[in-house]
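Chain by chain, the residues:
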Amino acid sequence: MDDFAVPPSGPIVSPQGVRKQAWYATLWVQVLVAMGIAIVFGYLSPARAVAMKPLGDGFIRLISMIITLVIFCTVVSGIAGMQDMKKVGRVGGKALLYFEIVSSIALCLGLIVGNVVRPGSGFNVDPATLDARAVADYAGQAKSQNVTDFLLHIIPTTVVDAFAKGDILEVLFVSILFGFALSAMGPRCKPLTDVFEVLTQAVFRVVNILMRFAPIGAFGAMAFTVGKYGIVSLGPLAKLIVTFYLTSILFMLLVLGGIARVAGFGILRFLLYVKEEILLVLATSSSEPALPTLMEKLEKLGCSPSLVGLVVPTGYAFNADGTSLYMTMAALFVAQATNTHLTLMQQMTILAVAILTSKGAAGVQGAAFIALVASLSVIPTIPVAGMALILGIDRFMSMCRAMVNMVGNGVATLVVARWEREVDSGTLKRNLAMSS
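Residues numbered from 1 in each chain as written. Predicted model: local features only at pLDDT ≥ 70, side-chain atom pairs only at ≥ 80, totals over all residues. Heavy atoms only, no water.

### Describing the confidence of the model for the protein
Predicted coordinates in areas of low pLDDT are best not read in detail. Summary statistics for the protein give a mean pLDDT of 80 and a share of 82% for residues scoring 70 or more. Contacts of residues 1-18 to residues separated by more than four positions or lying in other chains number 35 contacts, the stretch itself having pLDDT below 50. (pLDDT = per-residue confidence, 0-100. Contact = heavy atoms within 4.5 Å.)

Structure (structure tokens):
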């Protein structure tokens, strides 16, 4: 039974007496129907469809306003609830090690596919004819980061500023410090940890309420996308889009699937289990709206709330598999489309820079495009103006990379939970089979 669906008008009772939800009342069906209506509406009436944008933006803002509270409460409760600093360090270390390895594999896969398929070959675009002003705003936001800049960015100006800006990295840093402080206080902080546990439950109740508006948000976001850019606009860049989507699917089935098999569960079962979140992410082009419900579903599979509260928010900041695939493949596309030859050393430089710039771009809509502009700036031979070629389809690319980001973080959490022996393979398989 789906806890995030709108309650049906009349419950259906099975022969065993268990209340079952009507199929039309489940969230994934409602979101899927909303997306289908939005596509038709966007195709038939583009101008009116574009006007639906506030519905999608409003839903994302509803979720975004609660995201920082979700992260703060779950991370603080997670660390304080472990009561063992060695376990906190062990879980965090394993998660970061996993994130770095898998995201690096994604970056390398994007580089390999880009070189083999060469989606940008044949365009023969003269960089001088491109409108550099189209990406000027993104270039202004993109700053070439070194390690020092990245580390300093994690530290907020003030505690309040971290929550005001909604920066996941900064909120995560504050949450970890607060969680460690509570854990170090021992039994004295028990009343406060109880408050945080109750607050966490209240926050997720709010999420349950907000998720009732998911079909409306999905309709608005998808209608805007189709109405604004049109399905016809995908034609000239179809090779890049198809290559990226197929590579993303292969990454989920082969790379994440292989990892899942080693961990003792099937990737297809897991994808079916998080189908509501996948549809929501595809509709809104952002993995952020799926964060709260993903965390709750992972707990239902047997992962402890403390582990989920630590690993998932950290993954949203540091584990961006879809973004990693996109960045190296898109960088090669721009170079190939403008007939810019890249040496092996230059490609390795892009890879190294992307490892840094991809961090922190997992949950934010459009952040991957900015991060890519920042990555290209380190290779002067690649015209940044070439990004104008893929600006028009970035919304469609964002849908796929956000989905891979979300799925990747879900798999990562289950892997760390199995690594920590919190849940055995048999229990995980049974829970997935019962819930999907």
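### Observations concerning a nonpolar patch on the surface
A grouping of Val 242, Leu 246, Ile 249, Leu 250, Leu 253, Leu 254 and Leu 268 is seen on the molecular surface, where their side chains present a nonpolar patch of about 660 Å² in accessible area. It is helix α11 (residues 238-263) that contributes the most residues to the nonpolar patch, 6 residues altogether. Summarising the element assignment, Leu 254 is placed in helix α11. (Patch = residues over 30% accessible without salt bridge, like charges linked within 9 Å, V, L, I, M, F, W, Y side chains within 5 Å. Areas by Shrake-Rupley, 256 points an atom, 1.4 Å probe, with all protein chains shown as cover. Salt bridge = Lys/Arg side-chain N within 4 Å of Asp/Glu carboxyl O. Helix = DSSP H or I, 4+ residues; strand = E, 2+ residues; numbered from the N terminus.)

### Quick word on the packing of helix α13 (residues 275-284) against helix α20 (residues 394-419)
Orientation of α13 relative to α20, taken along the N-to-C sense of each, is 150 degrees, at an axis distance of 7 Å. One element, α13, and the other, α20, form an angle in the roughly antiparallel class. Regarding α13 and α20, the two cross each other, and that crossing is right-handed. For the pair formed by α13 and α20, the contact residues are Glu 277, Ile 278, Val 281, Leu 282, Ala 283 and Thr 284 on the first element and Arg 395, Met 399, Ala 402, Met 403, Met 406 and Val 407 on the second. A per-class count over the contact of α13 with α20 returns 9 nonpolar, 1 polar and 2 charged. (Axes fitted to C-alpha atoms, helices over the stretch in contact; angles between N-to-C directions. Parallel < 35°, antiparallel > 145°, perpendicular 65-115°, else oblique. Left-handed = near helix turned anticlockwise from the far one by under 90°. Nonpolar A, V, L, I, M, F, W, Y, C, P; charged D, E, K, R; others polar.)

### Some thoughts on helix α10 (residues 214-229)
Taking 1.5 Å per residue as the helical rise, α10 with its 16 residues ought to reach 22 Å, and the 22 Å between its terminal C-alpha atoms agrees with that figure. Positive phi appears at Gly 230, one or two residues downstream of α10, with a value of about 75 degrees. (Expected span 1.5 Å × (residues − 1).)

### Notes on the packing of aromatic side chains
By the definition in use, this model includes 9 aromatic pairs. Summarising the aromatic geometry, the rings of Tyr 98 and Phe 99 are spaced 6.3 Å apart at their centres and angled 75 degrees between planes, so their arrangement reads as edge-to-face. Residue Tyr 98 is classed as buried on the basis of its relative accessible area, which comes to 7%. For Phe 99, a relative accessible area of 2% puts it in the buried group. When the ring of Phe 178 is compared with that of Phe 196, the centres are 5.8 Å apart and the planes differ by 65 degrees; the resulting orientation is edge-to-face. Taken together, the positions of Phe 178 in helix α8 (residues 168-185) and Phe 196 in helix α9 (residues 190-210) put the pair 18 residues apart, joining distant regions of the chain. Pairwise contacts between aromatic rings join Phe 72, Phe 163, Phe 178 and Phe 196 into one cluster. Above the face of the Phe 224 ring, Lys 53 is positioned so that its terminal group lies 5.3 Å from the ring centre. (Phe/Tyr/Trp six-rings, centres within 6.5 Å; stacked < 30°, edge-to-face > 60°. Buried < 20%, exposed > 50% of the residue type's maximum accessible area, 1.4 Å probe, protein only. Lys NZ or Arg CZ within 6 Å of the ring centre and 35° of its normal.)

### Regarding the pattern of salt bridges
Summed over the entire model, instances satisfying the criterion amount to 5 salt bridges. One salt bridge connects Asp 57 with Lys 53, and the closest N-O pair in it is separated by 2.5 Å. Taken together, the positions of Asp 57 and Lys 53, both in helix α3 (residues 53-82) and 4 residues apart, correspond to about one turn of that helix. In this structure Asp 57 comes out as partly exposed when scored by relative accessible area, which is 29%. Accessibility expressed as a relative area gives 31% for Lys 53, which makes it partly exposed.

### A few points about the nonpolar core
If you look at the biggest cluster of nonpolar residues, it comprises 129 residues, and the most contacted ones within it are Phe 265, Phe 270, Tyr 326, Leu 372, Ile 390, Met 403 and Val 407. Sort the elements by how many residues they give to this core and α20 lands first, with 15 residues. (Core = buried A, V, L, I, M, F, W, Y, C linked by side-chain atoms within 4.5 Å.)

### Let's talk about α8
In this model α8 runs 26 Å from its N-terminal to its C-terminal C-alpha over 18 residues, within 8% of the 26 Å that 1.5 Å per residue would give. When we look at burial in α8, the residues that qualify are Ile 168, Leu 169, Glu 170, Val 171, Leu 172, Val 174, Ser 175, Gly 179, Leu 182 and Ser 183. Of the residues trailing α8, Gly 186 is marked for its positive phi of about 70 degrees.

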